[in-house]
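Chain by chain, the residues:
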Amino acid sequence: MNNGRLKQSRSSELKVELLEGNNVVLAFLALSNGLRIPNPRAVYLENYSIGLNESSEVTKTGVHLFHNLSNTADSAAFYLDFYAENVPEGSNYFARVIADGNTFNVPLDKAYKLNGMTKEYHNLRIQLVDGAGAVVNGPFNDTGVISVEVE
Amino acid sequence: MKLLLSSVIVALFLFSCSGSSSNEEELRVDLVEGIIQTKGPFQLAQVKYKEQYELAQLTLKDAQLNEDDQTLILRFNEELPEA
């Protein structure tokens, strides 16, 4: 439930299974509630490739949006925050969060609590959007529809 | 040929997280009053952190990529609390 596979660890050493091609690994320090600690120095981002099928979309200079979605203790709500890489200074990029067709436009540099997640499947979609309302090109800037089950 | 691209998000807990800890969670963030959007059945509330975490950092000690079994081992310098 994320841009990719979410792994949580309480150890400073961890093993990650990779796939053929590009594997972008984002690691960050988190609070006990799952929210990312809002300090860019508490983030590690690197691309590891396996085999020869490297994607030209993954570049160190590209604009990339990652999101972090974690259950709250009562499961009826989720915490949500973002990590954006290489967003142009002074731009008015924002995140578009679509929950079951309901659209929220929110700043990237804040953290949120999404309430109202009843016990069923919900469709979420998160996009990085520029000031003109267009989704910013990039491999991680539109999650597509993510199906989230609340138990 | 379709190029393969995946991402792995790793959250490393800086604070211990044992069992259900709603009280502990609520201690770490506050809802920001007045900055709540309601759309349909959902409410999106902004939260603010109760601490600044200015000294928090995550630094890589070493990375061991094994292409044979397609695994990556990351080691960081920071000590993390046990659960």
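Residues numbered from 1 in each chain as written. Chains lettered and ligands numbered in written order. Predicted model: local features only at pLDDT ≥ 70, side-chain atom pairs only at ≥ 80, totals over all residues. Heavy atoms only, no water.

Asks: Would you mind showing me how to read the packing of aromatic side chains here?
Replies: Here a ring pair, both rings aromatic, is described through the centre-centre distance and the interplanar angle of the planes. In the structure shown here, the tally under the stated rule is 4 aromatic pairs over all chains. Between A:F66 and A:F140 the ring centres are 5.0 Å apart and the planes differ by 35°, which places this aromatic pair in the tilted class. Placement of the pair is A:F66 in strand β5 (residues 64–71) and A:F140 in the loop between β10 (121–129) and β11 (146–149), with a sequence separation of 74 residues. Of the residues examined, A:F66 reaches a relative accessible area of 1% and is grouped as buried. Seen from their ring centres, B:Y49 and B:Y53 are 6.4 Å apart, and the 85° between their planes marks the pair as edge-to-face. In this structure, B:K39 packs its charged tip against the face of A:F104, placed 5.2 Å from the ring centre. (Phe/Tyr/Trp six-rings, centres within 6.5 Å; stacked < 30°, edge-to-face > 60°. Helix = DSSP H or I, 4+ residues; strand = E, 2+ residues; numbered from the N terminus. Buried < 20%, exposed > 50% of the residue type's maximum accessible area, 1.4 Å probe, protein only. Lys NZ or Arg CZ within 6 Å of the ring centre and 35° of its normal.)

Asks: Can you help me understand a negative patch on the surface in this one?
Replies: Together, A:E17, A:E20, B:E67, B:D68 and B:D69 make up a negatively charged patch on the protein surface. Here A:E20 is to be found in the loop between β2 (13–17) and β3 (21–30). The class of A:E20 is partly exposed, set by a relative accessible area of 33%. (Patch = residues over 30% accessible without salt bridge, like charges linked within 9 Å, V, L, I, M, F, W, Y side chains within 5 Å. Areas by Shrake-Rupley, 256 points an atom, 1.4 Å probe, with all protein chains shown as cover. Salt bridge = Lys/Arg side-chain N within 4 Å of Asp/Glu carboxyl O. Lys, Arg positive; Asp, Glu negative; His and termini not counted. Charge placed at Lys NZ, Arg CZ, Asp CG, Glu CD.)

Asks: Explain the nonpolar core here, please?
Replies: Within soluble globular proteins, side chains that are nonpolar tend to cluster in buried spots. Counting residues in hydrophobic clusters, the biggest one holds 28 residues, and the most contacted among them are A:L29, A:L35, B:L12, B:L74 and B:F76. When residues of this core are traced back to their parent elements, those giving at least two are β2, β3 and β4 (43–50) of chain A together with β1 (5–13), β3 (42–49) and β5 (71–76) of chain B. Beyond its immediate stretch of four places on either side in the chain, B:F76 contacts A:S12, A:L14, A:A27, A:Y44, B:L12, B:L58, B:T59, B:L60 and B:K61. If you look at the next biggest cluster of nonpolar residues, it comprises 24 residues, including A:F104, A:L108, A:Y112 and A:V150. (Core = buried A, V, L, I, M, F, W, Y, C linked by side-chain atoms within 4.5 Å. Contact = heavy atoms within 4.5 Å.)

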